[in-house]
Amino acid sequence: LPKRMQLFHVLSGIIKMKRTMKNFGPDAILSHEEMTEYPKVQSMVMLDRLVTVAYQLKSPYLPLAILKSFNWSIKYGVSEYSPSAFALVALVLMAQLKVCIRAFCVSLI
């Protein structure tokens, strides 16, 4: 993780996620294999806990932790923590879209 979190890091993570999702639609995600490797499953557990702690502390690293768990779900297979990652990615996208629209509106003034 970067030492100092900036909007650039979040936006680059979103762009990476969009590139990954070009090959995956809803049907592909539903038929995606299950994550079976124990170290990877335990990493997903840690990412899930990191998301919870980052939310409670209002950490700027929250979007990166969410995007990382999403990318791991796509790359290594789905686990019991993947549905929350998919839902949280939607929240990150909506929040960042709101920030980008606000910045665009300010730039027009």
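Above this text sits the structure in question.
Residues numbered from 1 in each chain as written. Predicted model: local features only at pLDDT ≥ 70, side-chain atom pairs only at ≥ 80, totals over all residues. Heavy atoms only, no water.

With that settled, the discussion passes to the overall build of the protein chain. Helix and strand content of the protein chain: five helices and zero strands. Each helix (α) and strand (β) of the protein chain, taken in turn from the N terminus, gives the series α-α-α-α-α. Taking all 109 residues of the protein chain together, 30% fall into the buried category. Taking as baseline every contact in the protein chain between residues at least 6 positions apart, the subset at least 24 positions apart corresponds to 71%. Carbon and sulfur atoms form 64% of the exposed surface of the protein chain, whose accessible area is close to 7700 Å². (Helix = DSSP H or I, 4+ residues; strand = E, 2+ residues; numbered from the N terminus. Buried < 20%, exposed > 50% of the residue type's maximum accessible area, 1.4 Å probe, protein only. Contact = heavy atoms within 4.5 Å. Areas by Shrake-Rupley, 256 points an atom, 1.4 Å probe, with all protein chains shown as cover.)

Summarising the element assignment, tyrosine 61 is placed in the loop between α3 (38-56) and α4 (62-76). In this structure, the C-alpha to C-alpha distance between tyrosine 61 and histidine 9, residues 52 residues apart in sequence, is 9.4 Å.

Unusually for a residue other than glycine, lysine 58 sits at a positive phi of about 55°. Position of lysine 58 among the secondary structure elements: in the loop between α3 and α4. By relative accessible area, which is 74% here, lysine 58 ends up exposed.

Aromatic ring pairs are reported here in terms of the distance separating the ring centres and the angle at which the planes meet. Summed over all chains, the structure comprises two aromatic pairs. For the ring pair phenylalanine 70 and phenylalanine 86, a centre distance of 5.4 Å and an interplane angle of 80° mean the geometry is edge-to-face. Here phenylalanine 70 is found in helix α4, whereas its partner phenylalanine 86 is found in helix α5 (residues 82-108), with 16 residues between them in sequence. A relative accessible area of 5% means that phenylalanine 70 is categorised as buried. (Phe/Tyr/Trp six-rings, centres within 6.5 Å; stacked < 30°, edge-to-face > 60°.)

Moving on, we get to the packing of α3 against α4. Relative to each other, α3 and α4 sit at 160°, their axes nearing to 9 Å. The angle between α3 and α4 places the two elements in the roughly antiparallel class. The two elements α3 and α4 meet at a crossing, and its hand is left-handed. Across the interface between the two elements, Lys40, Ser43, Met44, Leu47, Leu50, Val51, Ala54 and Tyr55 from α3 touch Leu62, Ala65, Ile66, Lys68, Ser69, Trp72, Ser73 and Tyr76 from α4. In terms of residue class, the contact of α3 with α4 is built from eleven nonpolar, three polar and two charged. (Axes fitted to C-alpha atoms, helices over the stretch in contact; angles between N-to-C directions. Parallel < 35°, antiparallel > 145°, perpendicular 65-115°, else oblique. Left-handed = near helix turned anticlockwise from the far one by under 90°. Nonpolar A, V, L, I, M, F, W, Y, C, P; charged D, E, K, R; others polar.)

Attention now goes to the nonpolar core. Note on soluble globular proteins: their nonpolar side chains tend to be buried together. Ile14, Met17, Ile66 and Val89 are the most contacted members of the largest nonpolar core, which has 14 residues in total. Contributing elements (two or more residues each) for this core: α1 (7-21), α3, α4 and α5. If one sorts the elements of this core by residue count, α4 sits on top with six residues. Residues in contact with isoleucine 66, not counting those within four places in the same chain, are Val51, Ala85, Leu88, Val89 and Val92. (Core = buried A, V, L, I, M, F, W, Y, C linked by side-chain atoms within 4.5 Å.)

Oppositely charged side chains may form a pair once their charged atoms are brought near each other. Counted under the stated rule, the structure contains one salt bridge. In this structure, glutamate 37 and lysine 40 form a salt bridge, with 3.9 Å as the shortest nitrogen-oxygen distance. (Salt bridge = Lys/Arg side-chain N within 4 Å of Asp/Glu carboxyl O.)

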